[in-house]
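# Structural overview
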Amino acid sequence: MAQKLTRVLSSEAKDFIDKEIMLRGWVKIRRDHGKLIFFDLRDRNGIVQVIVNPKVSEDSYKVAQDIRAEYAVEVVGRVNKRPEGTVNKDLASGTVEIEAIKIKVLAEAETLPFDMGADDLNLELPTLLDHRSLTLRHPKIQAIFKVQAVIIDAFREFFKQEGFFEFQAPSVVPAVAEGGAEVFAVDYFGHKAYLSQSPQLYKQIVMSAFERVFSVNKIFRAEPSVTTRHLAEVVSLDAEMAFIDSWTDVKDMAEQVVRFILQRVEKECTNELRLFKVGLPQMIDKTPNLSLREAQEKIYKIKGRDVRGQKDLNPEDEREICEIIKRETGSDFVFIYGYPTRHKPFYVYPNPDEPEYNEGMDLLCRGLEWLSGGRRVNDYQQLKQHVKLWKMDPKKISMFLEAFRYGVPPEGGFAFGAERITMQILQLSNIREASMFPRDMERVDERLSTQK
Ligand code: AMO
């Protein structure tokens, strides 16, 4: 009996020249040239070309005549070096092709609702998302989530190296962490609860015990507006650190983690970046930082738009300040700090020299906010005072306050949205493309119910 071949992946085929191998995957495109049939076989790490020649295998030729796009197949074949001039530099397997000896259909596929074989899918966003189970198979769509996986993994790796402890925050919470009405209420065994807007309060409690903590959590925002940069469900990458000297320690840590993420994406996602024809955002030696008022002043002076005195930057301001900083310094990133204290959550630390402004910060990149954070109020008395000023009920937040009653050193932290970073790195025009199953005002997968 012939020995069963172990499966070889498409990208490894080039190591088996003149040998027989077995591949498994999906048929991407089939081209019938009469005397020969060609198809591209896609597996989890790439694509390889298969040639079916009736002179080599009559049976394979018969099977290949009937297979269509997205059939799952097993191919036993001989690895041949491609003739000079037919090498495909865009493929890891581009120097070889597989001459089919035996083809087995593992699963048939019905006719596709659209062409999956082209390099770009060119579908409208609703179609792309409605057919996620299919569109996720496309290499360019897969590239988005490969980049995202590297971003999240790099975030984890960086903080582990820095001695941060990973924790899980709850998703069902009794209170609103960030303020505002943008929350989803849930009926929790007859009590009112919410889907967490941010692990903020939990991460500060956990920090008070573990000193340095991070989490990768889902957060939920009932944003009533439909924009290209907001989702209702976000992967939030959070960190919090104790024993800081100043808010700038938090800023520097944020800068380091972004640098680390970009380095890993550059190293591990060359093909993905090439598919999207994008270069990584430029991070210079020291990322510029400006106070909100300095940023508004620059916008006024350079762009002639007077937004001085506004409590925050709007999307147009964010775009303009990034443009200005890019021109002045070459940096695609800029930190903006010092927001009006009373317009931000109660936990943000007011600047002791100018308490109307706080030590909160945002990191902007190419016109979009990537991250928010800053120093927090750690003094128990000051925190109690803030609770009062923000008109909160001290009893309702006493679990949080308890941590600070028993000695919490100066501390701070920040959070990124994983989809925002992915969207920006790949320069996607809509954040929904950077979420496998995006949630927004209009979308919750209606065709995924097990109810009768
Ligand atoms: P903030 O609300 O600014 O801060 O959120 C932090 C980061 O999360 C991402 N983000 C979103 N991404 C997509 N859609 C949304 N609706 C959305 N909302 C937020 C952004 C944003 O910069 N507790 C603070 C963080 C901290 O201070 O540690 C917070 O949640 O990238």
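So, how was this worked out
- Residues numbered from 1 in each chain as written.
- Predicted model: local features only at pLDDT ≥ 70, side-chain atom pairs only at ≥ 80, totals over all residues.
- Heavy atoms only, no water.
- Helix = DSSP H or I, 4+ residues; strand = E, 2+ residues; numbered from the N terminus.
- Expected span 1.5 Å × (residues − 1).
- Buried < 20%, exposed > 50% of the residue type's maximum accessible area, 1.4 Å probe, protein only.
- Arc of directions from axis to C-beta.
- Contact = heavy atoms within 4.5 Å.
- Salt bridge = Lys/Arg side-chain N within 4 Å of Asp/Glu carboxyl O.
- Pairing = 2+ DSSP bridges.
- Domains from an automatic or database assignment.
- Buried area = accessible area lost by both parts, 1.4 Å probe.

Owing to its 3.6 residues per turn, the α-helix aligns residues three or four sequence positions apart on the same side. In a regular helix each residue adds 1.5 Å, so 12 residues correspond to 16 Å; helix α8 (residues 292-303) covers 16 Å between its end C-alpha atoms and thus fits that length. Residues L292, A295, Q296 and I299 constitute the buried set of α8. Buried residues of α8 fall within an arc of 100° about the axis and therefore sit on the same side. Contact partners of the buried residues in α8: β12 (289-291), α9 (315-329) and β13 (333-337).

The next thing to look at is the pattern of salt bridges. Taken as a whole, this structure holds 31 salt bridges when the rule is applied. R156 is the salt-bridge partner of E166, the closest N and O atoms lying 2.8 Å from each other. In this pair, E166 is assigned in strand β6 (residues 165-166) and R156 in helix α4 (residues 139-161), connecting sequence segments 10 residues apart. Here R305 makes a salt bridge to E320, at a shortest N to O gap of 3.1 Å. Taken together, the residues span a long stretch of sequence, with R305 in the loop between α8 and α9 and E320 in helix α9 at a distance of 15 residues.

With that out of the way, let us pick up the pairing of strand β3 (residues 46-52). Side chains on a regular strand alternate between the two faces of the sheet. With six of seven residues buried, β3 lies mostly within the body of the structure. Counted along the chain from strand β2 (residues 37-43) to the antiparallel partner β3, the turn is two residues long. Pairing of β3 with strand β5 (residues 96-107) involves two bridges; the strand directions are parallel. Note that in β5 the partner of V50 across the bridge is I98.

So, on to the sheet that holds strand β9 (residues 191-195). Pairing within the open sheet is antiparallel, and its three strands lie in the order β7-β9-β8. Edge positions in the sheet fall to β7 (172-173) and β8 (185-188), since each of these pairs with one other strand and no more. In this structure, β8 lies alongside β9, joined through four bridges in antiparallel fashion. Each residue of the ladder has a partner; that of A185, found in β9, is Y194.

A word on the domain arrangement of the protein. We note that the domain assignment places domain 1 (10-107) and domain 2 (132-450) within the protein. For domain 1 and domain 2, the distance between their C-alpha centres works out to 46 Å. Every contact between the two is made by seven residues of domain 1 and, on the other side, four residues of domain 2. Across the domain 1/domain 2 interface, buried area totals approximately 450 Å², and carbon plus sulfur atoms make up 44% of it. Of all residues in domain 1, R42, E70 and D90 give up the largest surface area on contact with domain 2, accounting jointly for 58% of the area buried on that side.

You will see that K277, though not glycine, has its phi angle at about 55°, which is positive. Structurally, K277 can be placed in the loop between α7 (270-276) and β12. Take K277: its relative accessible area is 75%, and that puts it in the exposed class. Not every positive phi belongs to a glycine, and Q427 is a case in point at roughly 55°. Locating Q427 in the fold gives a position in the segment after α12 (418-425). On the accessibility criterion, Q427 (48% relative accessible area) is partly exposed.

Right, let's talk about the pairing of strand β1 (residues 20-32) for a bit. Both β1 and strand β4 (residues 72-81) contribute to a ladder of seven bridges, which runs antiparallel. Directly across from W26, in β4, lies its bridge partner A72. Inspection of the sheet shows β1 paired to β2 by six bridges, in the antiparallel sense. Each bridged residue has a counterpart across the sheet, and for V27 the counterpart in β2 is L41. Here β1 hands over to β2 after four residues, with G34 in that stretch at a positive phi of 75°.

Of note, Y357 is situated in the loop between β13 and β14 (360-365). Measuring from C-alpha to C-alpha, the distance between Y357 and S291 comes to 9.6 Å, with 66 residues separating the pair along the chain.

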